[in-house]
Structure formats: structure tokens, C-alpha cells
Amino acid sequence: MAKKKTDTGTDTPKEKTGVQKAKPAAKKAAAEAKTLKKAPAATKTKSATSTTKKSTSTNKKAMPANTTKNSVEVYSRFTDFDIGLFKSGKHYKLYEKFGSHVIEVNGVVGTYFAVWAPNAQYISVIGNFNYWDRGSHPLFVRWDASGIWEGFIPNVGDGETYKYYIKSSTGQDLEKSDPFALRWEEPPRTASIIADTYYEWTDTKWMKDRHEHNSLDKPYSVYEVHIGSWARNPESPDEFYTYEQLAGKLMPYVKDMGFTHVEFMPIAEHPYYPSWGYQVSGYYAASSRYGTPKQLMYLIETFHKAGVGVILDWVPSHFPGDAHALYEFDGTHLYEHADPRKGFHPDWKSYIFNYGRNEVRAFLISNALFWLDRYHIDGLRVDAVASMLYLDYSRNHGEWEQNQFGGNENLEAISFLKEFNEACYSNFPDTQTIAEESTSFTGVSRPVYSGGLGFGMKWMMGWMHDTIKYFSTDPLYRRYHHNQITFSLIYAFTENFMLPFSHDEVVYGKGSMLRKMPGDEWQQFANLRLVYSYMFTHPGSKLLFMGAEFGQGTEWNYQHSLDWHVLEYPNHQGIQAAVKALNNLYKTEPALHEKSFEGSGFEWIDGGNANDSILIYSRKGHDPKNDLVIVLNMTPNPHQGFRVGVPADGKWGEIFNSDDKKFWGSGMSNAKPVKAEKEHWHGKDHSIIADLPPLAAVVFKRVK
């Protein structure tokens, strides 16, 4: 779509008698709002944290005494239909209603505020514009038992910081950031900022053709990125690159490397940087550490214009207990489950959403659609799905409660995930949802109508762990672990699997991908090229974490840039060139992607040669002439004159060899195409004689 509809009050809902209607002048309102008079500059620059403390210490009464309700006007963006959908958990565009929206009412530009806090007895908007006075701008509670507080404040506009002061029903004084705020202050400051997501998108071609890029029978190679540590300015290594700066650095690199998609680790606002973004406080706000919402949109648009999709890491599983955020939002367990057996996560010391509460489900599903809608995100990778599915996840006996049928499945979370996927694919059928799920739960990537959870793909965690364990073994002993490298094909087509080498495998003492490999320096690099070749020729889509593509030697450190300087050396250049070539092979050879999730797309030619640690298999597409034969030699021993069964007569040529000198290999290759002989081998009527390089993958295809 070329242009996104503004969210600053363009729609005028039908309202009850006595409630003023907004004029349809959103664009004008947004422009005028930028020129509104704000509080003095000295006040404006104060942190929300410091001003909050001040207001708390100067106002100790049970209820603000200087309430002047004429400073807030009665106004609503909610219709009766909206309220009904919200209460039933079926309103999937709550971001159009809740939060702060710059609008024009009776010729006056100001901001409409709406917040859900059913157990509050008083709520006001506090900010620099009223010197954080809790009594000057109280909101009105709706009459329909929805628990929504709202109101229009004239002459408050874009860029203003604010929070909600909440007097809970139990008498607590709370100051909370807006759960629906579209922008937050940069941490450690915690106030919300009035903003909009209006943007003149120019990625029309990508959005029109996106279904082609996201289809399950097309290549899907993902580059996983942590924005804060992919790269930093060498002259100021403590400063982050902005979204806008990354558009000129990250996008060209991803495009050049041949990845089809980039995946951002969570970029929703989070207070604690070492959480890598997985402890979210502002679900509707892009992190201010890296710039503004519009700068992020520009980055996404830049990727789209280059033909690269953007996936967002999304965290609906838990949230932190920071006092300014969702935890005990109105003095009660509003967003989190009240029972700690269901509402507290023992591993991450965080809080679990109450998936049985309709309004919470609507909050989360609206958030998923928000990123797909307003930011043109092409897919959502859902974090920690396994922790959502099971009531006893990471809990000991007595620390969890069985469901109504006596099982350990979290039925409310399962229902939520199904509803989430149905909503995503109903509203944005050309996107993908991807589950990070490590158990044997049935049907994660199967449609809801057939009993599945409805995800498009699922991370193949078992493959990742088995593969890393196998390749970490000295080649001398790999013959005794042959089943580890072949086991994945037993269940490879039970789900739509994505093969990940993710960030989780290169932290906490696990070592980098390169240093997991055994042997001397040459063998480590050869093994790494080999394991990547295995991944790109194995059925399934692909994901590679940043730094792994050029063989970074150190573990990932979120506090520093990747070690780009190692690309001065030919061995690291070779790894990078090999990954680039594998991406190109994956995209140009139909046999490697047309049937990634179908059993008919793979055939063992020889999967049982444990003694030589050699694997031979065929990958197939729709046209047999595109069939490939892949040979993996898992030892440093080269094999000359090795006979390989092939599925058809004709000449077979080498189209990829991970031992190529340009990859820093030894250069052993099959330079000329080999004519198949009519000699039965490996169960095939025809076979070829080939040379197998040490610790290398060779891919053959019929040539004219």
C-alpha cells in the first residue's frame, strides 16, 4: 500500500448524546500540534523519573484536592460496538482507540487520552505540560463498566511527555506509562510521548508482491540481528546507530549477502538493555534508543525497496515487573495472572499474561496486528512459545496446577495462540508467523481448522542442538554419533520447520559458531563451511545469527559491535563468501526450496555410511531435471574415485563445493561434469565417480 491512514483522529465514531464529535482534520491537527505551546524548556528537559518523584513527595493526600475538571473535556473515540468487542476480547485494532491521539475538537487541537484501569478510583494525566500535577487533568470513567477512562485535553500535542496518575481502589498512588503509547522516552527515563505513526509509505511494489516473497515454496533465508550490537560507530563505540543510519549500512549488507529476510530481535521499548529486548514495557513503541517511529519505518521501507522482508521478534509470553509499566497496572493484577503458579515466570523473574482475560487477549492480538499494519512488518517470530503451552514449564512438583482435564497444557494460552494466528492470517494473509517452540507439541505449524496452533513455521530446535553437538565432536569419533546427524529426517516433515543457528547458541559460555568446531584453524573453518552447507541443503527455511556468517571468533556481546575487523583475513572472508554463495544456491535452485516442507522433496541416497561419516541425499523440486545430489564428507580424509548413486542418466556437474579455494578451502574439486554410468549403486540404476574433498560439501546437478 502506498500510503498509511493516519491514526490521529480521522475516524469520527458515533457517540452518545452530550459527547462532542471530532472534526475529520487529522492531518491538520497533527501539523498544528507541533506548534502548540509547551511548558518552559527547562521543565521539558526534566526526566520523567525525577518529576515523578517530586509529584509523589508533594502530594500525599488520598485524593488530589485541586481537581479542575474543566481542564479536560468529555470526548470519546469508542462506539458501543467497540466496547462490546473489547469486553469480548475480539477488538483487534485497539491502537486506534486507546493511548494518546492528537485530534481537533470544535476547532481546538489537543490530545485525546484513553486508558483501561477498571479498578482505579481516580486517574489523571500528568506531564511537563501541567508540571506533573496530579489534580489538574483528571480523566472521566465511562458509564458502561468497561473500565475505560478517557478525555480530551486542549492545547496538548505531539512530542509532549506524559504518564497516568492512578489512585487504585486499595488506595495506592501509582504513576504509569501508557500501555498504548506509540513512543517512550529513552531509558532510563520512563515517560510516554505523544506521537503518531503517520508515514507516506513508498513500498507499494513490495506490499503488492509480498505473497511471493513470503510463500512457503519460496526461498526463506533469515539474518537475525540485534540492532544495538550489529555495528557501532568506530569513533563513538558507546553510541548506537539509529534506524535511519542502519538503512544505509545494514540493508546493503543483508542484500549483498543474499538473505531474503532480516529478523530484528525485539525492538519494542524495554527498560533493561541487557534483556536484549525480551523484557518489554512498551508494546506499541519502537525503542527510542535507536530513534523515532518514522525512522524505523524508513528502515523497513528501505529493506522492502531492496526486496528484503522484515521479521519482528514478538514477546507475548511475559513482561517485567517495573513499577512504571504493566505490572499491577491499576493496583491489581490487571494484565498478569493473579495466581503466581500461572502468573510468575521462575526463569526470567517476570510476569505472565492472563490469557483467559478477554481484554488482555485483545491487547496482545491488537499489538501483533499493529506491527503488521502500521510498520508493514512481514512476519512475527513469537518468542518462548513452549513456556506458554505448558503449566509446568520450568516448575517443580507443587508449583503448578493441572488444567480442568487433569493435564499440564495451558488451555487458555493455547486458545490465545490459535486466535492470534487466525487474526494475523485473516487480516494479513501474505505474512508469516514463526514459533520458537522446543517441545514435541503436536501441530504447531498446522492450521487451526485441523487442530493445530496455526503458525506458518516452527523453529527446529532439536535439529539445531543435534547438529551442533555432532559437529562439535572430533571427526575421528563422528562415526559413533552418526544417528545424531541423520535423526532430524525422521520428523523433518511433521511441521514446517525453520533451521536456526540463533543468538541463544553463541552466549553464556557456549562459544561462537566457529569455536564450537574441533581441530586446528583450517579444520575449524572447513567444519563451519560444512555445517552451513548442510543447513542450506537440508529441508526447511534458514536462520543465521549475525556474526556467524563471517566466522566471528568470540561470543556475541550485546554491549559491543561485531568483530568486523576480522574480515581483513582471508579465512573469515572465505566463510562470508561461502554463506553468500549458499544463499545464492538456495535461491536459484528450485529443488532446495520448492518442497522444503514436503517429504517428496528429499530422498536419502546413502544415509547409513557411519564408518566413513559420509552423507548422500537428493533434494527435489517440481521438475525432476532440477534434482540435486548432495554429498557431505564429515572427516578430514579426502576420497578420490568415490562412487555415488544418482537418480538419472546424463552428465552431472559440480555446482557448489565448500572446499573451493575462494572459500579458503584446499581446492579439491570435480572440475568437469561426470557422465553417469549404468552401474547400480546406492539403490540407483546409475552412478558417477566423484572426488570428495576433506570436511566439505559437494552439490551435483545434471548439466547439458
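It should be noted that the structure appears before, not after, this text.
Attention here is on the structure that accompanies the text. None of these values were measured; they are calculated from a predicted model.

Thoughts on the pairing of strand S28 (residues 686–692)
Inference 1: Burial runs high along S28: 5 of the 7 residues are buried.
Inference 2: Pairing between strand S25 (residues 639–646) and S28: 6 bridges, direction antiparallel. Within S28, the position partnered with Gly-645 by the bridge is Ser-687.

A look at the pattern of salt bridges
Inference 1: Taken as a whole, this structure holds 31 salt bridges when the rule is applied.
Inference 2: We note a salt bridge from Asp-313 to Arg-381, for which the minimum N-O separation is 2.7 Å. Of the two residues, Asp-313 sits in strand S14 (residues 309–314) while Arg-381 sits in strand S17 (residues 379–382), which places them 68 residues apart along the sequence.
Inference 3: Here Arg-374 ties to Asp-373 by a salt bridge, and the two come within 3.9 Å at their closest N and O atoms. The two residues Arg-374 and Asp-373 agree in class, both being buried.
Inference 4: Shared partners join several salt bridges into a network, and the residues in it are Asp-313, Arg-381, Asp-383 and Glu-436.

A few points about the side chain of Thr-302
Inference 1: Within the secondary structure, Thr-302 is located in helix H9 (residues 293–305).
Inference 2: Its relative accessible area of 13% is what places Thr-302 among the buried residues.
Inference 3: Setting aside residues no more than four positions away along its own chain, Thr-302 makes contact with Ala-247 and Met-251.

With respect to the side chain of Glu-505
Inference 1: Within the fold, Glu-505 resides in the loop between strand S20 (497–501) and helix H17 (513–516).
Inference 2: One buried charged side chain, Glu-505, makes no salt bridge at all; its nearest oppositely charged neighbour is Lys-510, positioned 4.1 Å away.
Inference 3: Aside from chain neighbours lying at most four places away, what touches Glu-505 is Met-464, His-465, Ile-468, Lys-510, Gly-511 and Lys-516.

Let's talk about the pairing of strand S29 (residues 696–703)
Inference 1: Most of S29 sits inside the fold, with 6 of its 8 residues counted as buried.
Inference 2: For strand S24 (residues 628–633) and S29, the ladder comprises 6 bridges, and the chain directions are antiparallel. When the bridges of S29 are listed, Leu-632 appears paired with Ala-697.

With respect to the sheet that holds strand S27 (residues 674–675)
Two strands in a sheet stick together by hydrogen bonds in their backbones, pointing the same way (parallel) or opposite ways (antiparallel).
Inference 1: Taken in spatial order, the 6 strands line up as S22-S23-S24-S29-S26-S27 in an open sheet, and their pairing is antiparallel. Where the open sheet ends on each side, the last strands, each with one partner, are strand S22 (602–609) and S27.
Inference 2: One ladder, built from 6 bridges, connects strand S23 (residues 614–619) with S24; its direction is antiparallel. By the bridge assignment, Ile-614 is partnered in S24 with Asn-633.
Inference 3: Sitting on the sheet, helix H19 (residues 570–588) is in contact with strand S26 (651–657) and S29, with an inclination near 135 degrees to S26.

What counts and how
- Residues numbered from 1 in each chain as written.
- Predicted model: local features only at pLDDT ≥ 70, side-chain atom pairs only at ≥ 80, totals over all residues.
- Heavy atoms only, no water.
- Buried < 20%, exposed > 50% of the residue type's maximum accessible area, 1.4 Å probe, protein only.
- Helix = DSSP H or I, 4+ residues; strand = E, 2+ residues; numbered from the N terminus.
- Pairing = 2+ DSSP bridges.
- Salt bridge = Lys/Arg side-chain N within 4 Å of Asp/Glu carboxyl O.
- Contact = heavy atoms within 4.5 Å.
- Lys, Arg positive; Asp, Glu negative; His and termini not counted.
- Axes fitted to C-alpha atoms, helices over the stretch in contact; angles between N-to-C directions.

Purely geometric stuff here, so don't read any function into it on its own.
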